[in-house]
Amino acid sequence: MSPSSLSPHRRIVAVTLLVPALVALALWAFAWPAARTAPRDLPLGVAGPTAATAPVEQRLENREGAFDLHHYADEAAAREAVEDREVYGAVVVTAQGPKLLTASAASPVVAQLLQQAVTHQASASGSEVTTVDVAPAAEGDPRGAVLNTSVLPLALAGIGAGTAVTLLGLRGARAVAALAGSAALVGAVAAALAQSWLDAVPGNWWTVAGTFALAALAMGAAVAGLSALIGRAGIALGGFVIMLLGNPFSGASSAPEMLPEPAGAIGQWLPPGAGVSLLRSVSFFDGAAAAGPALTLTWWAALGLGAVLLGRAMEERAGNAEPAAEPGPAPAG
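If you're wondering where the values come from, they're calculated on a predicted model, not measured in any experiment.

Conventions we followed
Residues numbered from 1 in each chain as written. Predicted model: local features only at pLDDT ≥ 70, side-chain atom pairs only at ≥ 80, totals over all residues. Heavy atoms only, no water. 1 Å grid on protein atoms, 1.4 Å probe; cavity = no way out; pocket = protein on both sides within 12 Å on 5 of 7 lines; lining within 4 Å. Points joined across faces, edges and corners; volume = space filled by probe spheres on them. Helix = DSSP H or I, 4+ residues; strand = E, 2+ residues; numbered from the N terminus. Nonpolar A, V, L, I, M, F, W, Y, C, P; charged D, E, K, R; others polar. Salt bridge = Lys/Arg side-chain N within 4 Å of Asp/Glu carboxyl O. Buried < 20%, exposed > 50% of the residue type's maximum accessible area, 1.4 Å probe, protein only. Polar contact = N/O pair within 3.5 Å; in protein donor to acceptor, adjacent residues only side chain to side chain. Contact = heavy atoms within 4.5 Å. Pairing = 2+ DSSP bridges. Axes fitted to C-alpha atoms, helices over the stretch in contact; angles between N-to-C directions. Phe/Tyr/Trp six-rings, centres within 6.5 Å; stacked < 30°, edge-to-face > 60°.

> What exactly am I supposed to notice about the layout of surface pockets here?
Rolling a probe over the atoms, with the probe sized like a water molecule, indicates the empty space that remains. Roughly 290 Å³ of volume is contained in the largest pocket. In this structure, the largest pocket is lined by 21 residues; those nearest its centre are R85, Y88, P256, E257 and S277. It is helix 11 (residues 271-284) that contributes the most residues to the lining of the largest pocket, three residues altogether. Partitioned by chemical class, the residues of the lining of the largest pocket number 12 nonpolar, five polar and four charged.

Take a look at the structure:
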């Protein structure tokens, strides 16, 4: 049943119920993770001799479920783990007192949380904490605001590209070319703004632009691919997955481990979350831990573009079958 076939009264009822339902869904998707932000198995290192680190580990483990502790022999090993994105920070026990290694580039929110937690514990024992930011955020964006806010424009660009391809009637190879070209330009524009102008995302310019482009392509291909397979309803489904799940579940404003379960894990399997993780890796950590999110984005892009080509092939097959199904002229009597 099409909307135009509904009576005016039913249309009024549909709008009256649909809008509040969408608002409730959006509030749930965005407000629930924000209201339940807290560390959950947050990877944290502890470095030093076992006897010296035992009291520190015990105090950290008292916050049940907050930290996933990793033990390292010394500060050098702990620093390497932070730089490789194995942990968000590390507490190093030294003869002069505890030292905290953080990585604000991985998450300014987590770096601040670790500093508060470790400083509080040290002050209770009469010690002072020395904090070293192993991987600092960009000088032009110390709080990571630009990287956080970049998720929404990229999501809108991907949804917009997939929607435009569908509504303009582009199919097959033409649709693929349009999506790829749009994503490449989005990547170049995003890199020009975020790095060249705002100085918020360091690293190799072409790598940053390619990351933005791959994220945009993954989202645009997902929307266009769903539309090619199930019609225009695919636009709504793709928009729901990317905007109402991928965007708030991305962990861009904090970290995936700071979101309520399973939102953080789900977010990393969706293009917005994978895009943010990949951008952090290539910009601040020399590509450390980039393989996972890069593969996730590649799969989304490949599956979406494959669905676009498959949809075109199905249309051509259906079109070729229709003439064969038409009945021939009746024989003369």
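> What is the right way to read the pattern of salt bridges from this model?
All chains considered together, the criterion is met by five salt bridges. Here E75 makes a salt bridge to R79, at a shortest N to O gap of 3.3 Å. Within this pair, E75 and its partner R79 are both found in helix 3 (residues 75-83), separated by four residues, close to a single helical turn. The exposure class assigned to R79 is partly exposed, which follows from its relative accessible area of 29%. The partner of K99 in a salt bridge is E75, and the shortest N-O contact between them spans 3.3 Å. With K99 in strand 4 (residues 97-102) and E75 in helix 3, the pair connects residues that are 24 residues apart, well separated along the chain.

> What is the right way to read empty space enclosed by the protein from this model?
Using the criterion set out here, one finds three cavities of 30 Å³ or more in the structure. Space inside the largest cavity adds up to approximately 90 Å³. Surrounding the largest cavity, S150, V151, L154, T211, F212, A215, M219, P271, P272, G275, V276 and L279 form its lining. The element contributing the most residues to the lining of the largest cavity is helix 11, with five residues. Volume-wise, the second largest cavity comes out at about 60 Å³. Around the second largest cavity, the lining residues are S104, A105, P108, A137, D141, G144, L147, A200, R280 and F284. Grouping the amino acids of the lining of the second largest cavity by side-chain chemistry returns six nonpolar, two polar and two charged.

> When you look at the side chain of Q195 in this model, what are you seeing that I'm missing?
Locating Q195 in the fold gives a position in helix 7 (residues 172-197). Polar contacts involving the side chain of Q195 include one to the main-chain carbonyl oxygen of G203, which spans 3.1 Å. The residues touching Q195, leaving out its near neighbours within four places in the chain, are A190, A200, V201, P202, G203, N204, W205 and V208.

> Would you explain the side chain of S277 in this entry?
One can find S277 in helix 11. Within the local environment of S277, its side chain forms a polar contact with the side chain of Q268, the two groups lying 2.6 Å apart. Not counting residues up to four positions away in its chain, the partners in contact with S277 are R85, Q268 and P293.

> Sorry if this is basic, but what is going on with the sheet that holds strand 5 (residues 130-133) here?
Pairing between sheet strands relies on hydrogen bonds along the backbone, with the strands arranged either parallel or antiparallel. Strand order across the open sheet formed by five strands is 2-1-3-4-5, with mixed pairing between neighbours. A single partner strand is all that each edge strand has here, and the edge strands are strand 2 (67-72) and strand 5. Taken pair by pair, the neighbouring strands of this sheet meet at an average axis angle of 20 degrees, ignoring direction. Of the strand pairs in this sheet, strand 3 (residues 89-94) and strand 4 are connected by six bridges, and their pairing is antiparallel. Within the sheet, the bridge partner assigned to T94 lies in strand 4 and is G97.

> Can you help me understand the packing of aromatic side chains in this one?
Working definition: an aromatic ring pair is given by the centre-to-centre distance plus the angle between the planes. One pass over the structure, following the stated rule, counts four aromatic pairs. Pairing W28 with F249 gives two aromatic rings, centres 6.1 Å apart and planes at 75 degrees, and the pair type is edge-to-face. Here W28, found in helix 1 (residues 8-35), pairs with F249, found in the loop between helix 9 (233-246) and helix 10 (263-268); they are 221 residues apart in sequence, far enough to count as distant. The partly exposed category is assigned to W28, whose relative accessible area is 41%.

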